[in-house]
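Analysis of the macromolecular model
The primary structure of each chain is shown beneath.
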Amino acid sequence: VVGVNRGRTFSENGCLVAQLAWAGRGADVYLNTGNPGPDHSRFWPVGQSEPVACGAQDDDTRECAYLYGWNAAADGYARALDAYVALGWTDAGADRVNGGGTWWLDVETANSWRGDRTLNVATLHGAVDFLESMGVAEVGFYSTPRLWWLVTRGTDDFAGYPAWHAGALSRAGAADRCADDAFTGGELRMVQWVENGLDRNLRCS
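This one's a predicted model, so the numbers in the text were calculated from it and none came from an experiment.

1. Describing the packing of aromatic side chains
- All told, the structure shown has 17 aromatic pairs when counted by the stated rule.
- Taken together, a centroid distance of 5.0 Å and an interplanar angle of 80° make the contact between Y84 and W89 edge-to-face. Accessibility assignment for this pair places Y84 and W89 in one class, buried.
- Taken together, a centroid distance of 4.8 Å and an interplanar angle of 50° make the contact between F141 and F158 tilted. In this pair, F141 is assigned in strand 4 (residues 138–143) and F158 in the loop between helix 4 (145–152) and strand 5 (163–168), connecting sequence segments 17 residues apart. The burial state of F141 is the same as that of F158; both residues are buried.
- Grouped by ring-pair contacts, the aromatic residues Y66, W70, Y77, W103 and F130 constitute a single cluster.

Printed below as a string of structure tokens:
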């Protein structure tokens, strides 16, 4: 699984081309998500009117939060598309990535989130809707049950989407966690643990 951005929204993974070349054309990718609000982001979509409107007079709404998520996903998608073109996997001038696996949305409290969880959920809806509008193979969520609760209050809005759980302590612990319920309410697809300083993942059968 290759990170499209560098740990936060609207950032660049300078090694993206090399990492995708190593992982292969069908690799899963992940995007960091967040909602810093209008006072803490130069990317806040004030005045944007499509696909919904974020007004200049009232710029802290669910619509604005939705657009922030939409735009952050669009930025990450554009970076992935550029990498695919550089690798010769997609034709220059194309507007869509040709191939690829699941697009995982990383939801962690290490990124900026709002106290109003409905705004956070709106941001995630925006990101999902953008990626699906581009016809990606699949969208899923990376988090832990606790972090998901802190950011979304355990929303079931995404119960149809697979989950990738972090937080296991070993491969055996990851295998045990594959029997747990996914924080999304959907399919638990992978569990992650850290070993010798590296993130490792077990695909749940």
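Right, picking up where we left off after that structure.
2. Some details on unusual backbone geometry
- With an omega dihedral of 0°, the bond running from E50 to P51 counts as a cis peptide bond.
- The topology assignment puts P51 in the loop between strand 2 (29–32) and helix 2 (62–86).
- A positive phi angle is found at F10, which is not glycine, with a value near 55°.
- Residue F10 is classed as buried on the basis of its relative accessible area of 15%.
- For N196, which is not a glycine, the phi torsion comes out positive at approximately 55°.

3. Regarding the confidence of the model for the protein
- In this model, the protein carries an average pLDDT of 95, and 100% of its residues clear a pLDDT of 70 or more.
- At the level of individual helices and strands, the protein shows its lowest average pLDDT in strand 7 (residues 198–203), which scores 94, and its highest in helix 3 (residues 117–133), which scores 98.

4. Side note on the state of the cysteines
- A full pass over the atoms with the stated rule returns 2 disulfides.
- Shown here is the disulfide that connects C54 with C64, its sulfur atoms set 2.0 Å apart. Sign of the S-S torsion, about 100° for the bond between C54 and C64, identifies this disulfide as right-handed. Taken together, the positions of C54 in the loop between strand 2 and helix 2 and C64 in helix 2 put the pair 10 residues apart, joining distant regions of the chain.
- Classification of C54 as buried rests on a relative accessible area of 2%.
- Disulfide partner of C178: C204, at an S-S distance of 2.0 Å. Here the disulfide of C178 and C204 is left-handed, its torsion about the S-S bond being about -75°.

5. Observations regarding the sheet that holds strand 7
- The strand order 1-2-3-4-5-6-7 describes an open sheet built from 7 strands, whose pairing is mixed. Both outer strands of the open sheet, strand 1 (2–3) and strand 7, are each paired with one neighbouring strand and no more.

6. Observations regarding the nonpolar core
- Counting 44 residues, the largest nonpolar core has L20, Y77, W103, L105, L131, F141 and F158 as its most contacted members.
- Top contributing element to this core by residue count: helix 2, with 8 residues.
- Filtering out sequence-adjacent residues up to four positions away, L20 remains in contact with V2, V29, A83, Y84, L87 and W89.
- Ranked by size, the runner-up nonpolar core spans 7 residues in total, among them C64, L67, Y68 and A72.

7. Here's the deal with the pairing of strand 7
- Where strand 6 (residues 188–195) and strand 7 come together, 6 bridges link them in antiparallel fashion. Within strand 7, the residue paired with V194 across the bridge is D199.
- The loop that links strand 6 with its antiparallel partner strand 7 comprises 2 residues; one of these, N196, has a positive phi angle of about 55°.

How each quantity is defined
Residues numbered from 1 in each chain as written. Predicted model: local features only at pLDDT ≥ 70, side-chain atom pairs only at ≥ 80, totals over all residues. Heavy atoms only, no water. Phe/Tyr/Trp six-rings, centres within 6.5 Å; stacked < 30°, edge-to-face > 60°. Buried < 20%, exposed > 50% of the residue type's maximum accessible area, 1.4 Å probe, protein only. Helix = DSSP H or I, 4+ residues; strand = E, 2+ residues; numbered from the N terminus. pLDDT = per-residue confidence, 0-100. Disulfide = S-S within 2.5 Å. Pairing = 2+ DSSP bridges. Core = buried A, V, L, I, M, F, W, Y, C linked by side-chain atoms within 4.5 Å. Contact = heavy atoms within 4.5 Å.

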